[in-house]
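# Commentary on secondary and tertiary structure
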Protein chains: 2
Amino acid sequence: MLAPLVRDMMAAELPVLEANGLSMWGYSVLVALDRSAIRTQAALAEAIGADKTRIIAILDELQDRGLIERVPDPEDRRARLLAITKAGRRAKEATQAAIQQGEERWLGRLSPGDRAAFVRILQELSGVDWS
Amino acid sequence: MLAPLVRDMMAAELPVLEANGLSMWGYSVLVALDRSAIRTQAALAEAIGADKTRIIAILDELQDRGLIERVPDPEDRRARLLAITKAGRRAKEATQAAIQQGEERWLGRLSPGDRAAFVRILQELSGVDWS
DNA sequence: TATTGTTATACTCTATAACTATA
DNA sequence: TATAGTTATAGAGTATAACAATA
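Residues numbered from 1 in each chain as written. Chains lettered and ligands numbered in written order. Predicted model: local features only at pLDDT ≥ 70, side-chain atom pairs only at ≥ 80, totals over all residues. Heavy atoms only, no water.

On to the protein's contact with DNA strand D. Neighbouring DNA strand D are 17 residues; Arg 54, Arg 77 and Arg 78 of chain A together with Gln 41 and Ala 42 of chain B lie closest to it. In DNA strand D, atoms within 4 Å of the protein come from the sugar-phosphate backbone in 71% of cases. Between DNA strand D and the protein, one listed contact pairs a base nitrogen with a side-chain N or O atom of Lys 52 of chain B at 3.3 Å. Mapped onto the surface near DNA strand D, the elements with two or more residues apiece are β2 (76–84) of chain A together with α3 (41–47) and β2 (76–84) of chain B. Residue composition of the surface near DNA strand D, by class: four nonpolar, four polar and nine charged. (Near = heavy atom within 4 Å. Polar contact = N/O pair within 3.5 Å; in protein donor to acceptor, adjacent residues only side chain to side chain. Helix = DSSP H or I, 4+ residues; strand = E, 2+ residues; numbered from the N terminus. Nonpolar A, V, L, I, M, F, W, Y, C, P; charged D, E, K, R; others polar.)

Structural data, given as structure tokens:
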């Protein structure tokens, strides 16, 4: 039941991301880095559930566009210190606002009580260990 | 929040499907055909949210293994009448039981009230038009 | 020798278009 | 000519393994 729901949701939100010039993974990176800077790319990949080889092209592009910073750690020059820039934060905020507006279209169908319960239950389920 | 949840869920349930010798799409087909027989492959594809060209290999395999029937409609020999077989229904029931057992692992964390609410809310959201 | 990031490669999934057969 | 199914092909997304730099 969840799978088709998420599929429809992503199909609806992909154009929103595109309008803001971000891919799904690019957006995920900005959201993660907005929470806090990260010291290695592998840690970032893990945080957003991606592969470390997969985020490289994404980081390249975000950096080229000035949305993130990516500098070698002076204390361990193998690692790259990752942080969001002001422009990156602006892009993230704008995109997030657009997405949340889209989510209103379906969350708005729920009663306020159901809506609160739904979000609370999702948070609970997100803590489950799947291994 | 939903996307990582579904990703983890699918990762957890894929081995269960595999153990029962079914792919995700193969299982979807059996579930759809168990509800009712379908008159064309295009309609089946639409019902499970797939592409009509994509289900062909899946139908080939399910048919070879005797899990579905697929015969030309005598009234319009372009179309293929699709139905689940007894063996197919057995395979579907067994797989479904295994999957639902897996779902207990996380639904079991919820209080009975939350659990009922969650399922009800999901059903409500599934009715949303996304276009 | 181990680790971080990168590149190269192959593999899977999916979508598009061309084709066959029926109507 | 239009439709159901099929096949072929190309593209995107992903994972694996090999490589370079640093520790």
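What follows concerns the interface of chain B and chain A. One widely used convention gives an interface's size as the accessible area the parts lose upon coming together. On the side of chain A, 30 residues touch chain B, which itself brings 31 residues to the contact. Roughly 3200 Å² is buried in total at the junction of chain B and chain A, and carbon and sulfur atoms are behind 74% of that figure. Between the two partners, chain B and chain A, sit two salt bridges. Across the salt bridge formed by Asp 114 of chain A and Arg 120 of chain B, the nearest N and O atoms sit 2.8 Å from each other. Counting across the chain B and chain A interface gives two residue pairs in polar contact (both at pLDDT 80 or more). Those elements that provide at least two residues to the side of chain B that touches chain A are α1 (2–19), α5 (86–107) and α6 (112–126) of chain B. At 10 residues, the largest contribution of residues to the side of chain B that touches chain A is made by α6 of chain B. In the side of chain B that touches chain A, the residues fall into 18 nonpolar, five polar and eight charged. (Contact = heavy atoms within 4.5 Å. Buried area = accessible area lost by both parts, 1.4 Å probe. Salt bridge = Lys/Arg side-chain N within 4 Å of Asp/Glu carboxyl O.)

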